[in-house]
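Notes for the structure review
Given next are the chains, with one letter for each unit.
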Amino acid sequence: MALFFRSTTPINHLHHRFCLQPCRTFVDARVKWVRDAYLDFAVEKEKNLKQIISLKNLIVSQPSKTILLSTVSVYKTLFNLPTTATNFFQKYPSLFQIFQSSKPFSLPHVKLTPQALTVHNEESKILNSSHYRKDVAERLVKLLMLTRAKRLPLDIIDLIRFDLGLPHDFILTLLPEFPAYFQICNMGYNNSKGCEVFGLELVSWRENFATSVLQRKSMEENRGIIRGMPIKFSINLPRGFDLEKKVRIWMHEWQNLPYISPYEDAFFLPPNGDQAEKWTVAVLHELMHLLVSKKTEKENLLALGDYLGFGPRFKKALVHHPGIFYVSNKIRTQTVVLREAYKKDLLAERNLLMGMRYRYLHLMNQQVKVKRTFTLGVKGSN
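Because the structure is predicted, anything quoted here is derived from the model rather than measured. (Residues numbered from 1 in each chain as written. Predicted model: local features only at pLDDT ≥ 70, side-chain atom pairs only at ≥ 80, totals over all residues. Heavy atoms only, no water.)

Where nonpolar side chains cluster on the molecular surface, the patch consists of Ile 171, Leu 172, Ile 184 and Phe 198 and spans about 410 Å² of accessible area. For Ile 171, the position within the fold is in helix α10 (residues 170-173). Note on Ile 171: relative accessible area 37%, which makes it partly exposed. (Patch = residues over 30% accessible without salt bridge, like charges linked within 9 Å, V, L, I, M, F, W, Y side chains within 5 Å. Areas by Shrake-Rupley, 256 points an atom, 1.4 Å probe, with all protein chains shown as cover. Salt bridge = Lys/Arg side-chain N within 4 Å of Asp/Glu carboxyl O. Helix = DSSP H or I, 4+ residues; strand = E, 2+ residues; numbered from the N terminus. Buried < 20%, exposed > 50% of the residue type's maximum accessible area, 1.4 Å probe, protein only.)

So this is what it looks like as structure tokens:
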């Protein structure tokens, strides 16, 4: 489903400036995919992290802070568990503990280990802090502003909820704190699903948020910006990556095209032209910066792009610009990573929530060391 955007920013200057320019298009050349071991590792080390945190939230939401093992099995598909609930819990003994009470006919339950509960409590302090809640609310505002229609279905937001750093119960716990920003809206009836579709709508346009990361950086470096100036994207190709000469020439000319803010409506541009592609990349670039880990599954981006009316343009931008976006094939899916946000396999700028997620990763990896030590001991004794 595509939306036709209603611009809230005057764009006559954009029509006048760009519609008279010749429409250039990407050169007829193949841009090869080259593996980036560091970014692959950045993706691979977070394997099952989302499932771990989802199960952790489910357990601590219970009054007893425990849950029946059989109950968790119902969530296998919902949480996209790679194996049975029992095997998954047993794989991470530093996080989860399966136990059975001494009462007759009692069934197996699951609870967090003391270490995991400590990390959860510290994570909760961050999620409940006014500083973090203001930050995540503003990022959600900017996401809605990128749509130009100022609204998104809740199921589309849910696709990137984890990557945005939104609390799992953000509708009940976060949105009521910011009535000046958000309101729930009815987006009509979905015939295929047979139900009403509800979305999140921006109450009013926030001009003070309508500055992209790239524009802000350019303002700091150049002491101001002029609308339509050729702001360039950071390009970082891995070792061994060699672009064809005609692609390098095209890229140089493309970088020198005027930069159109992702918060402006440039759908009037010919969709296959280079100027339209630079605006598409600007939207993708800003969207990736809104995510706490600066990465997300490719299918999430394409679904969002389809809804926003970009169609195949997001996919084409990912292929044409491997120096800006990297697509990893690790952990049973394709993950898009914003290159400039990483130094090797680590985030260049980590926020507090990502710091807590790395704490969970540390607990997840503890059991690997235990297993290796045990295996070596067995071999030695044999």
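Moving on, we come to the packing of aromatic side chains. According to the stated counting rule, one finds 14 aromatic pairs in the structure shown. Centroid distance Trp 33 to Tyr 326: 6.1 Å. Interplanar angle 20°. Geometry classified as stacked. Of the two residues, Trp 33 is situated in the loop between α1 (12-18) and α2 (37-44) and Tyr 326 in strand β8 (residues 325-328); the sequence distance between them amounts to 293 residues. The exposure class assigned to Trp 33 is partly exposed, which follows from its relative accessible area of 47%. Each ring, one from Trp 279 and one from Phe 310, has its centre 5.3 Å from the other, and the planes form 35°; the classification is tilted. Of the two residues, Trp 279 is situated in helix α13 (residues 274-290) and Phe 310 in the loop between α14 (298-308) and α15 (313-320); the sequence distance between them amounts to 31 residues. Note on Trp 279: relative accessible area 2%, which makes it buried. For Phe 310, a relative accessible area of 3% translates into the label buried. Positioned above the aromatic ring of Phe 99, the side-chain terminus of Lys 111 is 5.0 Å from the ring centre. Here the guanidinium or amino end of Lys 278 rests over the ring plane of Trp 254, the centre of that ring lying 5.8 Å away. (Phe/Tyr/Trp six-rings, centres within 6.5 Å; stacked < 30°, edge-to-face > 60°. Lys NZ or Arg CZ within 6 Å of the ring centre and 35° of its normal.)

Before going further, it helps to examine the sheet that holds strand β3 (residues 109-112). Strand order in the open sheet made by the 3 strands is β1-β3-β2, with antiparallel pairing throughout. Two strands close off the open sheet at either side, each with one partner strand: β1 (66-68) and β2 (96-99). Direction aside, the axes of adjacent strands within the sheet are offset by 30° on average. For β2 and β3, the ladder comprises 4 bridges, and the chain directions are antiparallel. (Pairing = 2+ DSSP bridges. Axes fitted to C-alpha atoms, helices over the stretch in contact; angles between N-to-C directions.)

Membership of the largest hydrophobic core comes to 111 residues, with the highest contact counts inside it found for Phe 89, Leu 95, Phe 96, Leu 143, Leu 152, Phe 182 and Phe 325. Beyond its immediate stretch of four places on either side in the chain, Leu 95 contacts Ile 52, Lys 111, Leu 112, Thr 113, Ala 116, Tyr 360, Leu 363 and Met 364. (Core = buried A, V, L, I, M, F, W, Y, C linked by side-chain atoms within 4.5 Å. Contact = heavy atoms within 4.5 Å.)

Note that strand β4 (residues 151-153) and strand β6 (residues 195-202) share 3 bridges and pair antiparallel. Within β6, the residue paired with Leu 152 across the bridge is Leu 200.

Time to look at the sheet that holds strand β7 (residues 295-297). Strand order in the open sheet formed by 3 strands is β7-β9-β8, with antiparallel pairing between adjacent strands. Across the chains shown, the open sheet's two edge strands, defined by having one partner strand only, are β7 and β8. Across the sheet, the mean angle separating the axes of adjacent strands is 25° when strand polarity is ignored. Taken together, the 4 bridges between β8 and strand β9 (residues 335-338) define a ladder with antiparallel strand orientation. Paired with Ser 328 across the two strands is Thr 335, which belongs to β9.

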